[in-house]
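So you can see what is in the structure, the chains are spelled out below.
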Amino acid sequence: MTDSFAVNKANWDERAVLHAASPDYAFDRFATDPAHLSGVVRFDRPRLGDLTGLRAVHLQCHIGSDTVSLSRLGASVTGLDFSGPALVEARRLASAAGAEIDFHEANVHDAVEVLGAGRFDLVYTGIGALCWLPSAARWASVVAGLLRPGGRLFVREGHPMLWSLDETTNPAVPRYPYFEHAEPLVFDEPETYVKVDRKLENSVSHSWNHSLGEIITALLDNGLTLTGFTEHDSVPWNAIPGQMTHDEAADEWRLTDSPSRLAASYTLQAVKGG
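Attention in this report is confined to the structure presented alongside it. (Residues numbered from 1 in each chain as written. Predicted model: local features only at pLDDT ≥ 70, side-chain atom pairs only at ≥ 80, totals over all residues. Heavy atoms only, no water.)

### Overview of the side chain of T192
- Along the chain, the position of T192 falls in the loop between β8 (185-188) and β9 (204-207).
- Classification of T192 by relative accessible area gives buried; the value is 17%.
- With sequence-adjacent residues up to four places away left out, T192 is seen in contact with R15 and H19. (Helix = DSSP H or I, 4+ residues; strand = E, 2+ residues; numbered from the N terminus. Buried < 20%, exposed > 50% of the residue type's maximum accessible area, 1.4 Å probe, protein only. Contact = heavy atoms within 4.5 Å.)

### Describing the environment of F229
- Mapped onto the elements of the fold, F229 is located in strand β10 (residues 224-232).
- Considered as a pair, F229 and Y176 are 53 residues apart in the sequence and their alpha carbons are 24 Å apart.
- Aside from chain neighbours lying at most four places away, what touches F229 is L212, Y266, T267 and L268.

### Looking at helix α7 (residues 136-146)
- Counting buried positions along α7 yields eight of eleven residues, so the element is predominantly enclosed.
- Taken together, the buried positions of α7 are A136, W139, A140, V142, V143, A144, G145 and L146.
- Where α7 starts, the residue carrying a side-chain oxygen 3.3 Å from the main-chain nitrogen of A137 turns out to be S135. (Polar contact = N/O pair within 3.5 Å; in protein donor to acceptor, adjacent residues only side chain to side chain.)

### Some words on the pattern of salt bridges
- On inspection of all chains with the given rule, the structure shows eleven salt bridges.
- In this structure, the salt-bridge partner of D121 is R55, at a minimum N-O distance of 3.2 Å. Of this pair, D121 sits in strand β4 (residues 120-125) while R55 sits in strand β1 (residues 55-59), placing them 66 residues apart in sequence.
- The exposure class of D121 is buried, given its relative accessible area of 10%.
- Residue classification places R55 among the partly exposed positions, given a relative accessible area of 37%.
- Across the pair D247 and R254 runs a salt bridge whose closest N-O atoms are separated by 3.0 Å.
- Beyond isolated ion pairs, a larger network of salt bridges with shared partners links R55, D121 and R148. (Salt bridge = Lys/Arg side-chain N within 4 Å of Asp/Glu carboxyl O.)

Listed below in structure tokens is the structure:
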């Protein structure tokens with residue numbers, strides 16, 4: 001497992017600099033427009049509710065665009081990521097945007113030890129995060145450890161139905177596990193999900209899928225109660241190239257042909273018991 005995290009860290013360390021320079025992350029827009037929010041948080045906003053004054057932690061925060069956006073919605077935000085280069089970019093973005101955010105470099109599994117137990121009103125996990133973790137149960141225990149009694153979890157994530165598809169076939173067909181698996185899936189992909197000026201050199205990554213049942217059960221087993229669950233037919237990147245259409249108004253991608261055939265992402269909310 002340590003090897004998998006090391007492989008992924010090299011991959012994300014390299015992505016961080018490329019992503020920060022990409023027009024798709026719009027660093028300049030954050031600096032010039034104090035009302036600007038990331039596309040991910042704009043999508044989440046109707047379900048997030050009022051964040052004013054909440055102590056929030058953004059796990060696996062990458063280069064901080066969603067973290068800064070949560071801060072702009074009124075939360076007092078802490079960001080955590082295992083990539084030092086990503087946090088360099090996140091701090092640079094926060095400074096340019098005038099946002100006061102406390103960033104920490106650590107593996108998500110160590111979040112309670114690093115940040116303290118029961119400190120947060122909100123744990124936020126953005127899309128494309130859980131697939132980098134081997135165990136839904138271990139992740140859920142971290143979430144429970146960070147939340148105060150009555151605190152809530154907000155997750156928007158790629159649907160395990162989507163993660164199981166081979167996007168290189170037309171039509172995309174199930175190829176990868178839907179249920180959690182011990183050994184990681186290994187991919188060698190020199191491309192990333194936004195426009196960048198070169199291909200990745202550290203192109204190998206390790207990932208895992210987790211079924212909806214496994215994720216929900218893990219949260220229930222750790223003392224959280226499900227308060228909301230919505231499945232969506234869209235994701236904020238072109239997950240199946242050549243078979244998806246971009247909805248510019250929502251800044252989301254969905255199947256071109258009968259999008260109701262695919263649950264592409266979901267939003268889950270849960271509250272920690274007192």
